[in-house]
Amino acid sequence: MWERLARGPHAALGVDNAASAPEIHHAFLELAKVYHPAKFARMSPEIQKLSNETFLQLRAAYDQVSKAARARPPAAVPARTTGPIPTRPGAPPATPRATGQVPSLTRTPASSQSLPRGAVPGTRASTPPHGIRTGTPTAPPARPATRMPSGAIPTLRNEEAEYATAKDAVARGAYQEAYATLEALVVQAPSSRNRGLHCYVRGRLFLAAGQREDAREALFDAKDLDPSLGSIVDAALAEVQRRRS
Amino acid sequence: MARVIGIDLGTTNSCVAVLEGGEPTVIHNQEGGRTTPSMVSWNADGDVVVGAASKRQMVTNPQRTVFGAKRLIGRKYLDRDVQQLMSRLPYAVVAAKNGDAWVDVANTPRSPQEISAHVLAKMKRVAEDYLGETITEAVVTVPAYFDDVQRQATKDAGAIAGLTVRAILNEPTAAALAYGLQHQANQRIAVFDLGGGTFDISILAIENGVFEVLATHGDTVLGGDDFDRVIIDLLADDFKNEHGMDLRQDSVALQRLKEAAERAKIELSSAMTTDVNLPFIAAGPAGPLHLMRELERGQLERACKTLLERLDPPCQKALADARCTPADIDQVLLVGGMTRMPAVQERAHRIFGKQGSKGVNPDEIVAMGAAVHSGIMGGELQEVVLLDVTPHDMGVKVAGDKMSVVIQANTSIPTRAKKVFATTEDNQTFVAIEIFQGPNELASRNRRLGRFVLGDLRPAGRGQTKVEVSFTMDADGILEITAAEIGTGRAASVTIEASSGLTADEIQRLAHHQAR
C-alpha cells in the first residue's frame, strides 16, 4: 500500500484521473475493508499504529481525489435553450490536476478544515497574556487569483446585474446559460449567495446528466451556502429522489 | 485466538452476545434471562449482588441498591445534568476528591466505574458459563453521544472487571451492524435509539459490506428514566393534592412509585389504560394511605409531550449533516426499550415519513452488533467494515475563551486535521494549548480534555510567531496532538487519553478486589 500511496492519490485508490465521484467512493470503501485499523485491533501496538497511519494516508488521498472530482464541471448535457452551449474562454480542463490546490467551489470556509475560522486580518481583540488566537496570513485566499490566465477573466459589469441574469436563466430552466454566467461571477465575487446559486445550477446540471450523487452533493452545498434557496433546492432534491426510485 | 464477547452495557439492562459460526448469539444469564438488570446492591454484610437479584431487593434496600450508574459515569458532581438527576435518586451521589460524581453506598464512596464493573463482570461470567472458557476481551457499547471522558471511564470499568476492552462501539452503529448483516442490501438507514438514559440518532449508508456512518446526534440526558419520572410526578402530584403528602420525600415510597411507574409505562404500550395499585404507600394522620388509580395512555402522552418534542432537533441535525432528506432513508431501525412506546414510534414516523422496522429485538440488537464487531476485528467477517464518526467538535481554546474547532463533529475517524495559530503577545516565549470537546462556541462550556505547553518560541512581534497544531484521532477516538512552531520546527506532542478520574493504581486495586 505504501508503494501505491507514494505514486500519488489516484494510484493509491486505483482509479484513473477521469473517475467519477461514486467510482472513487467505491474504490475507497473496498480498500477500507482491507486496511481499516479495526482489522488490526488485536495485533501488536506497532502494527496498530502503522495500520492507523496507512489508513489516514488513504483517507487523505480519497479526500483529495474526490474533492477534485466534485469540483469538475458537470458533463456536457444538451442545453435546454437554443443556440450554442456557452463555454467560458480559458475554462480549466475537465480533468483536474492530480495534486495541488483545487479551488473549492463547493465548500464553505466554515466546513473547510484547512481554513481557520476568523482568519480575518485585523481581528485583534484584547487578549489575555499567553493566549493564542486564530488567524493566519499563510492561509490561501478563498480563490487563488492564478486560477485563470490573465485576460481571460470577463470584466464584471455589475455583480447585481450578473446575478439577476443568472437567476432569470435559472427561472427559465436554462441551466447551461446560468452556469456560464455564474462561473464568471463566482471567480470575481465569491460571496456565499453567488456560490450558492452556482452550486444549485451545478446540481441541476448533474441531475440532467444522470449523476445523482454529484447532484445531491452540489444541492446540499447550495443550501448550506444560501439557505434562502431552501425551497428550490428541496424541489430539486425531490427530483433526485424520484430518479432513484 | 481467544474469543471476544460483545456487551451492551445499558442504563437499565445489559446484554451479552458472542459470534458463533459468523452469527451473533445472545447468551442467557444464569437466571434464564436474555438481558440482565444493570443494578448492583451491597448487602448489610458487604456482599455484592448484581442483576435480577439486586432488582428484587431494590424496595427493601433502596439506599444501597444502585441503578443507572451509566448516567453518572465520567461526569462531574457539579455537572448540571448530575445535579438535576440527584434529586430524584434514592441513593446518595457525592463529590469525589477530583470532583467526579460518585455514589455513597453505606458510607463508602464508590465510583460509577466500579459499579459498572460489577455489571460487566456479571456479563463476563454469563459468557464464560455458556462458552466454558475464560474470557478476557470484550467490545463494549456506549451511547454515540458519549464524550471521550465517558468512553474512557467505560473502558476503565472493563479493566476493573478483568476485561480488555478492544473497542468502544457506538450503540446505534452496533444496531446497524447486526441489522445490516441480516439484511444484506445496499441501503441508507436511520437508527433511532431511545434507551433507558440516552437518545441517539445515527444515519448510515450500507454499501457492499461497508457500514459508513454519515452523521450522529443525540441527547445524553433523555431516556426511559425521564418518562418514568414524568409518571412518578403525575402520581405523586395528584397524591399530594389529595393528601398533602409528598411521596418523593420517602425513599421507600419513591422506589415503589418508580417501579409502578415503569410497569404502567410498559403496560400502556399495549393497553389503553392500566391500574396503579400501591397499598399502604404512606402513613397519614388517620391511618394508612393507599395509591390506587387508573392511568390512560392519552394522559401519559400529554404528560410526556415536552420529552417527545426533544426527539426532533437531533434528528433534523443528523439529516442535515448526513446530507439526506427523509425520503433518502430506506429503513428506520428502532432500538432501545423506549421505542416500544406508540407515541415514540409515531414521532419517528413523523420525522422520517416511514414506519420503523419490525422484526428486530430492540433490547438485544446492540449486543449482537458488538459481537459482529468482534468478528470484524477477529477476521471472521472479512468482507465487513465499519467507518464511524466522532460525534463532537474538537478544538483548541483561543483568545476570548473561543473554541477554535480543529476536527468537526461527524468527521469520519480515524482522521487528521491541522490548524495554524498565532501568538497574541510581543515576544511570547510559550503557548499553552488547551484541548476541548463539545458543541459550544465558548471553550469553557465544553469538556476539557487536556493541556500542554510548547515553549522556547523564537521571540517576535505578536501575531508573527505561528504554531501549527495537528490533531490525529484513531479509530477508537484516542487523540494525539502535535504542535510545532512554523519556521523553527520546534515541536511538542501529547497523547490525550481522556482520564476517567481513576488512576492506574486505583483501577488495579479495584480489579484485584473484584477478582477475589
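Please refer to the structure placed before this passage.
Throughout what follows, the structure given in this document is the object of discussion. Note that the structure is predicted; figures quoted are calculated from it, not measured. (Residues numbered from 1 in each chain as written. Chains lettered and ligands numbered in written order. Predicted model: local features only at pLDDT ≥ 70, side-chain atom pairs only at ≥ 80, totals over all residues. Heavy atoms only, no water.)

**Some words on the nonpolar core**
Residues and elements named next belong to chain B. Put simply, the test is: What we call a nonpolar core is a set of buried Ala, Val, Leu, Ile, Met, Phe, Trp, Tyr and Cys residues that are connected through their side-chain atoms within 4.5 Å. The buried label applies to any residue whose accessible area, calculated with a 1.4 Å probe on protein chains only, is under 20% of its type's maximum; exposed applies above 50%, and partly exposed to all values in between. Strands here mean DSSP runs of E at least two residues long; helices mean DSSP runs of H or I at least four residues long; both are numbered from the N terminus. Contact definition: two residues touch when any of their heavy atoms are within 4.5 Å.
Of all hydrophobic cores here, the largest spans 51 residues; its most connected members are Ile-5, Ile-7, Val-16, Leu-72, Tyr-91, Val-93 and Leu-120. Here the element with the most residues in this core is helix H3 (residues 112-131); it accounts for nine residues. For Ile-5, the residues in contact, after removing those within four places along its chain, are Val-16, Ala-17, Val-18, Lys-124, Ala-127, Leu-131, Ile-135, Glu-137, Ala-138 and Val-139. Of all hydrophobic cores here, the second largest spans 50 residues; its members include Leu-247, Ala-260, Leu-295 and Met-341.

**Comments concerning the interface of chain A and chain B**
Applied cut-off: Summed over both partners, buried area is the accessible surface (1.4 Å probe) that two parts give up on being assembled. Whenever Lys or Arg places a side-chain nitrogen within 4 Å of a carboxyl oxygen from Asp or Glu, that contact is recorded as a salt bridge. Within 3.5 Å is the distance limit for a polar contact, defined as a pair of N or O atoms, with the added protein rule that one can donate a hydrogen and the other accept it, and that residues adjacent in sequence qualify only through two side-chain atoms.
If you look at the interface, chain A gives 47 residues, while chain B gives 65 residues. Across the chain A to chain B interface the summed buried area is about 4,700 Å²; carbon plus sulfur atoms make up 51%. Across the chain A-chain B interface, the total number found is nine salt bridges. The interface formed by chain A and chain B contains 17 residue pairs in polar contact (both at pLDDT 80 or more). Going through the elements one at a time, helix H3 (21-35), helix H4 (45-71), strand S1 (132-134), helix H8 (212-225) and helix H9 (230-244) of chain A are the ones with two or more residues in the side of chain A that touches chain B. At seven residues, H3(A) tops the list of elements feeding residues into the side of chain A that touches chain B.

**Remarks on the sheet that holds strand S10 (residues 108-110) of chain B**
Residue and element names in this part refer to chain B. This is how the line gets drawn: Any two strands with at least two DSSP bridges between them are considered paired. What counts as an axis is a line fitted to C-alpha atoms, over the stretch in contact for a helix, and the angles between N-to-C directions run from 0 to 180 degrees.
The antiparallel open sheet is built from three strands, whose spatial order is S8-S9-S10. One side of each edge strand has no neighbouring strand; the edge strands of this open sheet are strand S8 (92-95) and S10. The average undirected angle you get between the axes of adjacent strands in this sheet is 45°. Sheet topology note: the S8/strand S9 (residues 101-105) ladder contains four bridges and is antiparallel. Counterpart to Ala-95 in the pairing with S9 is Ala-101.

**Concerning the pairing of strand S28 (residues 479-485) of chain B**
Residues and elements named next belong to chain B. Residues Leu-479, Ile-481, Ala-483 and Glu-485 line the buried face of S28, whereas the alternating positions Glu-480, Thr-482 and Ala-484 sit on a face that is not buried. Pairing of strand S27 (residues 466-473) with S28 involves seven bridges; the strand directions are antiparallel. Residue pairing across strands places Val-469 opposite Ala-483, the latter belonging to S28. The loop that links S27 with its antiparallel partner S28 comprises five residues; one of these, Gly-477, has a positive phi angle of about 85°. Taken together, the six bridges between S28 and strand S29 (residues 491-496) define a ladder with antiparallel strand orientation. Bridge assignment links Ala-483 to a residue of S29, and that residue is Ala-492. The hairpin turn running from S28 into S29, its antiparallel successor, is five residues long, and Gly-487 in that turn takes a positive phi close to 105°.

**A look at the packing of helix H5 (residues 159-172) of chain A against helix H7 (residues 192-208) of chain A**
The relative placement of two packed helices is expressed as an angle between their axes plus a distance between the axes. Residue and element names in this part refer to chain A. Spelled out, the test is: Under this scheme an angle from 65 to 115 degrees is roughly perpendicular, one under 35 degrees roughly parallel, and one over 145 degrees roughly antiparallel; angles in between are oblique. Crossing handedness is defined as follows: a turn of the near helix away from the far one that is anticlockwise and smaller than a right angle gives a left-handed crossing, while the clockwise case is right-handed. Residues are grouped as follows: Ala, Val, Leu, Ile, Met, Phe, Trp, Tyr, Cys and Pro are nonpolar; Asp, Glu, Lys and Arg are charged; every other residue, Gly included, is polar.
Across the interface, H5 lies against H7 with an axial gap of 11 Å and an inter-helix angle of 25°. Compared by their axis directions, H5 and H7 come out roughly parallel. The two elements H5 and H7 cross, and the hand of that crossing is left-handed. On H7, the residues touching Glu-159, Glu-160, Tyr-163, Ala-166, Lys-167 and Val-170 of H5 are Arg-193, Asn-194, Leu-197, Tyr-200 and Val-201. Split by residue class, the contact of H5 with H7 holds six nonpolar, one polar and four charged.

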